[in-house]
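Here is how the chains run, residue by residue.
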Amino acid sequence: MIPGGYGGGGSASNLFDSSNLKYSGSGSGGGQTSVKFLINDLWHRVIVSGGGGGSDNGPENSDNGSGGAGSNLVAQGYWNAGTYTDQKVANSLSGFTFGSGEAAQENGSKNENGVTKSIGSGDRPGSGGGWFGGFAGHSGYAGSGGGSSWILTKDAVIPPGLIEARDEFYEYIDSQYYAFNESSDYYFDHAVHAAGVWDGNGKLIITQIDEMPNSCHVIAPIVFLSLFRMSLFVFITM
């Protein structure tokens, strides 16, 4: 299998082309970019930019199996044989699992909400990691979904109770409560989410500002923030 991107990108299953000694066919999922406070784990993330899903585009049709973009509260689904499907997408409350995208599986998803029956015997792409990871298409004719983005604000949708995290093959890791809430000192104000881009690598730049007026605004492709309680501006550029 071809590993996904750092940060929970799902691995892809590809065909090995013996004529040129390389793997070909489908792409792995992109990993998330995240900011964490206090502890380096999934339950202490305060800003998450989801990764895009892998694609499986055949030569007969340049867009028959594209993966979905990440970087929105509700991530994109994927294209299956040229038709877009949004029935299985990652959002603020659910997805493949908390944090990780889904790897290609021989017999379909182990998550009952995923694509539980696979199609084709060869190449299958992985999905993107995110706040919740996207679902894989599990087909030689389909892409995989992107991971959702998320930011801790006063009106953020936080999953209630214990939040279960599993790996890309749906093996159990741990369950914990989310570390913060709307009363925490770590929330952000005036955040606007936007979908990500198709190509290129993301970049996260954090700049600490000792003092700034309330009228100061910064525009970035992924997040628009005007005033942070902790005097931080976060720029996420793609």
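Structure's up top.
Residues numbered from 1 in each chain as written. Predicted model: local features only at pLDDT ≥ 70, side-chain atom pairs only at ≥ 80, totals over all residues. Heavy atoms only, no water.

Novice: I'd love a proper account of the environment of Phe37, names of residues and values included.
Specialist: Note on placement: Phe37 falls in the loop between strand 3 (33-36) and strand 4 (45-49). Judged by relative accessible area, which is 13%, Phe37 ranks as buried. (Helix = DSSP H or I, 4+ residues; strand = E, 2+ residues; numbered from the N terminus. Buried < 20%, exposed > 50% of the residue type's maximum accessible area, 1.4 Å probe, protein only.)

Novice: Give a detailed account of the environment of Ser127, specifying residues and quantitative values.
Specialist: Looking at the element boundaries, Ser127 is found in the loop between strand 6 (83-85) and strand 7 (150-151). Under the relative-accessibility criterion, Ser127 is labelled buried at 0%. C-alpha of Ser127 to C-alpha of Gly54: the two residues are 73 residues apart in sequence and 5.8 Å apart in space. Within polar-contact distance, the side chain of Ser127 engages the backbone oxygen of Gly134 at 2.6 Å. (Polar contact = N/O pair within 3.5 Å; in protein donor to acceptor, adjacent residues only side chain to side chain.)

Novice: Residue-level account of unusual backbone geometry, with values.
Specialist: Most peptide bonds adopt trans geometry, and most residues besides glycine take a negative phi value. Not every positive phi belongs to a glycine, and Leu38 is a case in point at roughly 75 degrees. Relative to the assigned elements, Leu38 resides in the loop between strand 3 and strand 4. Look at Leu38 and you get exposed, because its relative accessible area is 66%.

Novice: For the nonpolar core, give the residues involved together with the corresponding values.
Specialist: Membership of the largest hydrophobic core comes to 20 residues, with the highest contact counts inside it found for Val46, Phe98, Trp131, Leu152 and Tyr178. Counting only elements with at least two residues in this core, the list comes to strand 4, strand 7 and strand 8 (163-166). Residue contributions to this core peak at three residues, all from strand 4. Apart from the residues lying within four places of it in its own chain, the contact partners of Tyr178 are Trp43, Arg45, Val46, Trp131, Trp150, Leu152, Ile158 and Ile163. (Core = buried A, V, L, I, M, F, W, Y, C linked by side-chain atoms within 4.5 Å. Contact = heavy atoms within 4.5 Å.)

Novice: Describe the sheet that holds strand 3, naming the residues involved and giving the relevant values.
Specialist: Spatially, three strands are ordered 3-4-7 in an open sheet, and the strand pairing comes out antiparallel. With one partner strand each, in any of the chains shown, strand 3 and strand 7 form the two edges of the open sheet. Taken together, the four bridges between strand 3 and strand 4 define a ladder with antiparallel strand orientation. Counterpart to Val35 in the pairing with strand 4 is Ile47. (Pairing = 2+ DSSP bridges.)

Novice: Pulling in residues and values, what's your account of the side chain of Ser149?
Specialist: With respect to the secondary-structure elements, Ser149 resides in the loop between strand 6 and strand 7. Judged by its relative accessible area of 2%, Ser149 falls in the buried class. Of note is the side chain of Ser149, whose polar atom sits 3.4 Å from the backbone oxygen of Val48. Here Gly50 takes part through its backbone nitrogen, which lies 2.9 Å from a polar atom of the side chain of Ser149.

Novice: Kindly report on the packing of aromatic side chains, identifying the contributing residues and their values.
Specialist: In the structure shown here, the tally under the stated rule is 10 aromatic pairs. With a centroid separation of 6.1 Å and 40 degrees between ring planes, the pair formed by Trp43 and Phe98 is classed as tilted. One end of the pair, Trp43, is in the loop between strand 3 and strand 4; the other, Phe98, is in the loop between strand 6 and strand 7, and 55 residues separate them in sequence. The exposure class of Phe98 is buried, given its relative accessible area of 0%. Ring geometry for Trp131 and Trp150: centres 3.9 Å apart, planes at 5 degrees, overall stacked. Linking Trp131 in the loop between strand 6 and strand 7 with Trp150 in strand 7, this pair joins segments that are 19 residues apart in sequence. Trp150 matches Trp131 in its accessibility class, with the two residues each being buried. In this structure an aromatic cluster arises from ring pairing among Trp43, Phe98, Trp131, Phe132, Trp150, Tyr178 and Phe180. A cation sits over an aromatic face here: Arg45 above Phe98, 4.6 Å from the ring centre. (Phe/Tyr/Trp six-rings, centres within 6.5 Å; stacked < 30°, edge-to-face > 60°. Lys NZ or Arg CZ within 6 Å of the ring centre and 35° of its normal.)

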